[in-house]
Amino acid sequence: MVRKVVSEIVSYVNSDILERNAARFLPGLSRRGLFKKPRHWDRIFPALDPAVHADDASIAWNLKETMERAQRWLLQRQNAKDGHWLADLRADSTLESDMIMLYVFLGWQDRPGVRAKIHRLAAYILSGQQKDGGWPIYRHGPSEISATFKAYWSLKLAGTAAEEPRLMRARECLERLGGIHKINSYCKFYLALFGLYDWAGVPAMPPELMFFPKWFYFNIYEMSSWTRGIVIPLSIVWAKRPTMRLPANGRIDELLKGKPAWVPVGGETLNPPEGFFSWRKFFLELDAFLKDMEGSGPYFLRGWSLRKAERWMLDHNERSEGLAAIFPAMLNTILALKALGHSDAHPALQHNVKELEKFFIDRGDQGIEIQPCVSPVWDTAISMLALVESGMRPDHPALVKATRWLLDREIKTPGDWRVKNTTGPIGGWAFEYENAWYPDIDDTAMVLLALRRVKLEGSLSQAREKAFLRGLNWVLSMQSSNGGWAAFDVDNTKWIFTQIPFADHNAMIDPPTVDVTARVLEVLGLVGYDKTYDCIQQAVHFIKREQEADGSWYGRWGVNYIYGTWQALRGLTCVGEDPSEPYLQNALAWLRSVQQPDGGWGERCDSYEDPARKGKGPSTPSQTAWAIMAFLSCGFIEDPAMERGIRFLLSSQRPDGTWNEDEFTGTGFPKVFYLEYAYYRHYFPLLALGMYRRLHHYRRAQHRRSVSPPLSEVPA
């Protein structure tokens, strides 16, 4: 424990102060030498990629037809006006539950239009109830206590009687899962707003956090970007502690029979496994101290901190679809504005409500489903890659139109990342339509991959090249000191923050991950970087250190080890790692070991809870495509496992050109929040099939010339 903290402090001194901030005072320490065009820049954007045809007799005809059907399906779903793609982004029932709570918090539940929305949200929640009476956090998963409680309470707020059989079964499930005091901190926070839980049982989130300077070990920028968006508004609410009027049907007395009305923070965990001292215990004591001191300090400090928190929150609503452009932060912004006494007409409140309601998906008789955010940049970039890889001409009008749309989404202003990356250039792309404060590295890398594959002419070609170079240099500047890349920030790695009581969303920090690092390597390798570059060497070492004993890699942003292993193999081979290396062979051996009898691959979200479940689950098109691309990245074009995977995709395609997938294969917060990207089932199989055809054609062409290149020379 002590060694871990000391290591963090040393890393903080080395990276945050000396490397990044000192350049402002000593120009000689500037990192601008990092930002230069890679070798062979003139060949990055060729006039046209080599034509790839599927008329080779060695490739089955139904491969060509399969890809053509998939291309047609994808093109039919392109936005005809501006050329982008947008898929549904599905999550669990907690979003619908929270939206009902928000309407009641605002006192809007009796407005006719809102009343209809509440009934339809409640209908959708009910449609997801499981046989045991509870609600899961991913499809086909076990019932989870916080999701089950939120569903139960929101249904009561919507007017469902406690004696209704479905709610009775939900109460029984809650008891089996541990009872109301086991729900997470954010559930208790919302209960406290209505006087249903004592604020003493809610983790302290003092707005005085805003006073800590950016260079201090503890400050808001050492939290992950999404945590800042969630916690800073809640710190306002925690300081103001409003008690909102609760409808009689919203009480939960029946859940508290025979139980205390509340328990102290940490009291829900009996006999914790820590020894005499732990950071968790330290923060629990600090939490109690802060509550004891509440109201004892000079009021001007509290007022000042509230103004700083409000100013930060309102500033970050600018150039964005609401705070951080994600559901929890936007909802908490509304709570904070009301706690500060603002009316419903406040512009930021109206803006966030409007943007939240844009996340609604009308499911007809089933009700209203809510997305946690939207993913147009991500969906557009991968759709473009899949279309080009599967044989579409790179100058196709659909691709040119999509490129224009992506170039218009480039971020050209500094965001929160600038706090810890003081010398990096501005550039990059966000996940959503507009989220200028938070460009992310994974999306930027995927956009760069897509931009590289499109044939453009004239001024649009020049604009693409400039945007590409800006994005590339921004990504390079975001490399963390351990060699990896995270999602949004540099060196956001202070493990100690994960021990804070309100860290039970399991995402307090944003450390570098293998999947994002490997995606960046894929980009860098394809534009000319190799292991002679220091940044590549550091990244390769980082990925090697993170490999599991069985050869697999953990996947942070996709489920799970199949995702991480595919992306690691893809990135490493793109920068010149030899597929014959034992550690890469071990990864392929692991993939072979978890292939399903039907030829596909599958893994459920339970592998985050239990690593023994890694690689186990029903076969899915997206995960099968990831595994296939792992083999292809290593040049194994005729591997039996890979060929069985190809047959699985060919045989499971629907007549309309897409595939069925009934699992969540995306990850928000491991163990807490999972996602279903509705187009993963489509563009990843199309990408894998196109990659197979291209490499097969290349191998056949080499064979005709009586040349058998080493596997490492097969183009990625």
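Owing to the predicted nature of the structure, the values given are computational and were not obtained by experimental measurement.

Draft legend 1. Representation of the overall build of the chain within the structure. Summing up its helical and strand segments, the chain has 23 helices and five strands in all. Out of the 716 residues in the chain, the part that is buried amounts to 61%. In the chain, the proportion of contacts linking residues at least 24 apart, taken out of those at least 6 apart, comes to 74%.

Draft legend 2. Structural detail: the packing of aromatic side chains. Evaluation of the coordinates by the stated rule reveals 37 aromatic pairs. Seen from their ring centres, Phe 105 and Phe 194 are 6.4 Å apart, and the 85 degrees between their planes marks the pair as edge-to-face. Taken as a pair, Phe 105 in helix H3 (residues 94-106) and Phe 194 in the loop between helix H7 (185-193) and helix H8 (225-240) lie far apart in primary sequence, 89 residues in all. The two residues Phe 105 and Phe 194 agree in class, both being buried.

Draft legend 3. The arrangement of the confidence of the model for the chain in detail. On average, residues of the chain carry a pLDDT of 89, and 88% of them reach 70 or more. When pLDDT is averaged over each helix and strand of the chain, the minimum, 48, is found for helix H1 (residues 2-21) and the maximum, 98, for strand E3 (residues 368-370). In this model, residues 47-58 is a region of pLDDT below 50 whose contacts with residues beyond four sequence positions or in other chains number 18 contacts.

Draft legend 4. Layout of H3. Between its first and last C-alpha, H3 extends 18 Å over 13 residues, near the 18 Å set by a 1.5 Å rise per residue. Among the 13 residues in H3, 13 count as buried, and that is most of the element. Within two residues after H3, Gly 107 carries a phi angle of roughly 75 degrees, on the positive side.

Draft legend 5. Representation of the side chain of Ser 383 in the model. By the element assignment, Ser 383 lies in helix H13 (residues 376-389). Its relative accessible area of 0% is what places Ser 383 among the buried residues. For Ser 383, the residues in contact, after removing those within four places along its chain, are Leu 74, Trp 85 and Tyr 683.

Draft legend 6. View of the nonpolar core. One finds Phe 149, Trp 153 and Phe 684 to be the most contacted residues of the largest nonpolar core, which totals 229 residues. Not counting residues within four places of it along the chain, the set of residues in contact with Phe 684 comprises Ile 382, Trp 566, Ser 622, Ala 625, Trp 626, Met 629 and Tyr 679.

Draft legend 7. Just the environment of Met 330, in detail. Here Met 330 is to be found in helix H11 (residues 327-339). Put simply, Met 330 and Glu 355 are 25 residues apart on the chain and 8.3 Å apart in space, counted from C-alpha to C-alpha. Residues within four places of Met 330 in sequence aside, it is in contact with Glu 321, Gly 322, Leu 323, Ala 325, Asn 352, Glu 355, Leu 356 and Phe 359.

Draft legend 8. Local environment of the pairing of strand E5 (residues 673-677). Where burial is concerned, most of E5 is hidden: five out of the five residues are buried. Here E5 shows no split at all, with Phe 673, Leu 675 and Tyr 677 on one side and Tyr 674 and Glu 676 on the other all buried. With three bridges connecting them, strand E4 (residues 666-669) and E5 associate as antiparallel partners. Bridging from a neighbouring strand, Phe 669 pairs with Phe 673 of E5. The antiparallel pairing of E4 with E5 creates a hairpin that spans three residues between the two strands, and Lys 671 there sits at a positive phi of about 75 degrees.

Draft legend 9. Structural view of unusual backbone geometry. Even without being glycine, Ala 324 reaches a positive phi, approximately 60 degrees. Within the secondary structure, Ala 324 is located in the loop between helix H10 (299-315) and H11.

Draft legend 10. Summary view of a nonpolar patch on the surface. A cluster of nonpolar side chains, Phe 277, Phe 282, Leu 286, Phe 289 and Met 293, forms an exposed patch at the surface whose accessible area comes to about 470 Å². If you trace the backbone, Phe 282 turns up in helix H9 (residues 279-293). Relative accessible area serves as the criterion here: at 36%, Phe 282 is assigned to the partly exposed category.

Draft legend 11. How the structure looks around the sheet that holds E4. One open sheet holds the three strands; their spatial order is E1-E5-E4, and the pairing between them is antiparallel. Both outer strands of the open sheet, strand E1 (89-90) and E4, are each paired with one neighbouring strand and no more. Two elements, E1 and E5, share two bridges in a ladder whose sense is antiparallel. If you follow Arg 90 over to E5, its bridge partner there is Glu 676.

Draft legend 12. Structural view of the environment of Gly 615. Position of Gly 615 among the secondary structure elements: in the loop between helix H20 (582-593) and helix H21 (621-633). According to the relative accessible area criterion, Gly 615 is buried, its value standing at 2%. With 63 residues separating them along the chain, Gly 615 and Ser 552 place their C-alpha atoms 9.6 Å apart. Every residue in contact with Gly 615, bar those within four places of it in the chain, is listed here: Ile 562, Trp 590, Val 594, Gln 596, Gly 602 and Glu 603.

Draft legend 13. Representation of the pattern of salt bridges in the model. In this structure the tally under the stated criterion is 38 salt bridges. The partner of Asp 656 in a salt bridge is Arg 654, and the shortest N-O contact between them spans 2.6 Å. On the basis of relative accessible area, Asp 656 is assigned to the partly exposed category, the value being 36%. The class for Arg 654 is partly exposed, based on a relative accessible area of 31%. Bridged by salt links that share partners, the residues Asp 88, Arg 90, Arg 139, Arg 363, Glu 369, Asp 662, Glu 676 and Arg 681 form one connected network.

Draft legend 14. Representation of helix H6 (residues 165-177). For H6, which comprises 13 residues, the first-to-last C-alpha distance of 19 Å matches the rise-based estimate of 18 Å (1.5 Å per residue) to within 8%. Those residues of H6 lying buried are Leu 167, Ala 170, Cys 173 and Leu 174. Looking straight down H6, one finds its buried side chains confined to an arc of 115 degrees; they lie on one side. For H6, exposure combined with an orientation more than 90 degrees from the buried face picks out Pro 165 and Arg 176. If you check the start of H6, you find a side-chain oxygen 2.6 Å away from the backbone N of Arg 166, and it comes from Glu 164. Count one or two residues on from H6 and you reach Gly 178, which has phi positive near 125 degrees.

About the criteria used
Sequence order as written defines the numbering, with residues in each chain counted from 1. Reporting of local features is limited, given that this is a predicted model, to residues whose pLDDT is at least 70; pairs of side-chain atoms are given and counted only at 80 or more, and all residues count toward the totals for whole chains, interfaces and linings. As a convention, hydrogens and water are excluded, and side-chain values are obtained from all of the structure's heavy atoms. Numbered from the N terminus, helices here are DSSP runs of H or I no shorter than four residues, and strands are runs of E no shorter than two. When accessible area is computed with a 1.4 Å probe and restricted to protein chains, residues below 20% of their type maximum are described as buried, those above 50% as exposed, and intermediate ones as partly exposed. The contact definition used throughout considers only heavy atoms, calling two residues in contact when any of these lie within 4.5 Å. Aromatic pairs are defined between Phe, Tyr and Trp rings, using the six-membered ring for Trp, whenever the two ring centres lie within 6.5 Å; interplanar angles under 30 degrees are classed as stacked, those over 60 as edge-to-face, and all others as tilted. As a per-residue measure, pLDDT tells how confident the predictor is, with possible values from 0 to 100. Working rule for helices: expected span equals 1.5 Å times residues minus one. Definition used in this section: a nonpolar core is a set of buried Ala, Val, Leu, Ile, Met, Phe, Trp, Tyr and Cys residues joined via side-chain atoms within 4.5 Å. Pairing between two strands is assigned when DSSP locates at least 2 bridges connecting them. Excluding any residue in a salt bridge, patches collect residues exceeding 30% relative accessible area, merging like charges within 9 Å and nonpolar Val, Leu, Ile, Met, Phe, Trp and Tyr side chains within 5 Å. Each accessible area value is a Shrake-Rupley result obtained with a 1.4 Å probe; residue values ignore everything except the protein chains displayed when judging cover. Here, a salt bridge means any Lys or Arg side-chain nitrogen found within 4 Å of an Asp or Glu carboxyl oxygen. Throughout, the arc means the angular range of directions from the helix axis out to the C-beta atoms. Pairs of N or O atoms within 3.5 Å make up the polar contacts considered here, provided that, within protein, one atom can donate a hydrogen while the other can accept it, and that residues adjacent in sequence are counted only when both atoms are side-chain atoms.

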